[in-house]
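The lines below spell out each chain.
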Amino acid sequence: FDEFDVGRSIDIEVAPKEDAIILSNHRLELIYVHLGKREMRVLDKSPIERISGMAWSPDGRWIAYGFRAEQSSTAIKLCRIETGETHLLT
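I will try to describe carefully the structure that is included in this document. Predicted model, so just to flag it, every value in this text is computed and none were measured.

### Some details on empty space enclosed by the protein
A full pass over the atoms with the stated rule returns one cavity of 30 Å³ or more. Roughly 30 Å³ of internal volume is contained in the largest cavity. Forming the boundary of the largest cavity are Ala15, Lys17, Glu18, Tyr32, Trp56, Asp59, Gly60 and Ile81. Considered class by class, the residues forming the lining of the largest cavity number four nonpolar, one polar and three charged.

### Let's talk about the nonpolar core
Residues Ile22, Leu30, Ile63 and Tyr65 are the most contacted members of the largest nonpolar core, which totals 14 residues. Listed by contribution, the elements that provide at least two residues to this core are β2 (20-25), β3 (29-34), β5 (52-56) and β6 (62-70). In terms of residues, this core owes the most to one element, β6, which gives three residues. Once residues within four sequence positions are removed from consideration, Ile63 is found in contact with Ile22, Leu30, Met54, Ala55, Trp56, Lys77, Leu78, Cys79 and Ile81. Listed in part, the six residues of the second largest apolar core include Phe4, Ile21, Ile31 and Val33.

### Focus on the packing of aromatic side chains
According to the stated counting rule, one finds one aromatic pair in the structure shown. An angle of 75° between the planes, with centres 6.5 Å apart, marks the rings of Tyr65 and Phe67 as edge-to-face. Each member of the pair Tyr65 and Phe67 is classed as buried. Above the plane of the ring of Phe67 lies Lys77, whose end atom (NZ or CZ) is 4.2 Å from the centre.

### Looking at the pattern of salt bridges
This structure, assessed with the given rule, holds four salt bridges. With a shortest N-O distance of 2.7 Å, Asp5 and Arg27 are connected by a salt bridge. Here Asp5 is found in the segment before β1 (9-14), whereas its partner Arg27 is found in the loop between β2 and β3, with 22 residues between them in sequence. For Arg27, the salt bridge goes to Glu29, with nearest N and O atoms at 3.9 Å. A relative accessible area of 11% places Glu29 in the buried class. Through salt bridges that share partners, Asp5, Arg27 and Glu29 make up one connected network.

### Focus: the sheet that holds strand β7 (residues 73-80)
One open sheet accounts for four strands, arranged β5-β6-β7-β8; its pairing is antiparallel. Looking at the sheet topology across the chains shown, the edges are occupied by β5 and β8 (86-88). Geometrically, the sheet is characterised by an average inter-axis angle of 30° between neighbouring strands, direction not taken into account.

The rules behind the values
Residue numbers restart at each chain and count upward from 1, following the sequence in its written direction. Predicted model: local features are reported for residues with pLDDT of at least 70 only, side-chain atom pairs are reported and counted for 80 or more only, and whole-chain, interface and lining totals are derived from all residues. Only heavy atoms go into the side-chain values, all of them from the structure, while hydrogens and water stay out. In this analysis the probe radius is 1.4 Å and the grid spacing 1 Å, with only protein atoms considered; a cavity is a set of points the probe fits into but cannot get out of, a pocket is an open set with protein on both sides within 12 Å along at least five of seven lines, and lining residues have an atom within 4 Å of a point. Grid points are joined across faces, edges and corners, and a volume is the space filled by probe spheres set on the points. Note that Gly is not counted as nonpolar here; it falls among the polar residues with everything else outside the nonpolar set of Ala, Val, Leu, Ile, Met, Phe, Trp, Tyr, Cys and Pro and the charged set of Asp, Glu, Lys and Arg. Nine residue types can take part in a nonpolar core, namely buried Ala, Val, Leu, Ile, Met, Phe, Trp, Tyr and Cys, and a core is a set of them joined through side-chain atoms within 4.5 Å. Under the scheme applied here, a residue whose accessible area is under 20% of the maximum for its type counts as buried, over 50% as exposed, and between as partly exposed, the area being computed with a 1.4 Å probe on protein chains only. What counts as a helix is a DSSP run of H or I of at least four residues, what counts as a strand is a run of E of at least two, and both are numbered from the N terminus. Two residues form a contact once any of their heavy atoms are found within 4.5 Å. Note on aromatic contacts: the rings of Phe and Tyr and the six-membered ring of Trp form a pair at centre separations within 6.5 Å, being stacked when their planes are under 30 degrees apart, edge-to-face when over 60 apart, and tilted otherwise. Two conditions define a charge located above a ring, namely a distance within 6 Å from the ring centre to NZ of Lys or CZ of Arg, and an angle within 35 degrees of the ring normal. When a carboxyl oxygen of Asp or Glu lies within 4 Å of a side-chain nitrogen of Lys or Arg, that pair is called a salt bridge. A pair of strands is considered paired only if DSSP assigns at least 2 bridges between the two. Helix axes are fitted to C-alpha atoms over the stretch in contact, other axes to C-alpha atoms as well, and angles between N-to-C directions run from 0 to 180 degrees.

See the structure below:
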């Protein structure tokens, strides 16, 4: 990861279909890294707490994760990897 500024990784999940990972860091970011293409994108950032509980869809096109948008509650969000589009599910 020397060429990428990913910060201090807290949690890492390997993609099921591609040479890619998703990680959360100490900056409260959700980061996608495609190792084969040598590219990195920040997909989301929490204003309060670390992103956690990340899980890939079986086809590797989506990721679900725990997201704390308010001090008193945590939601589940879904992110489409291809576009970076996010959806609040709960």
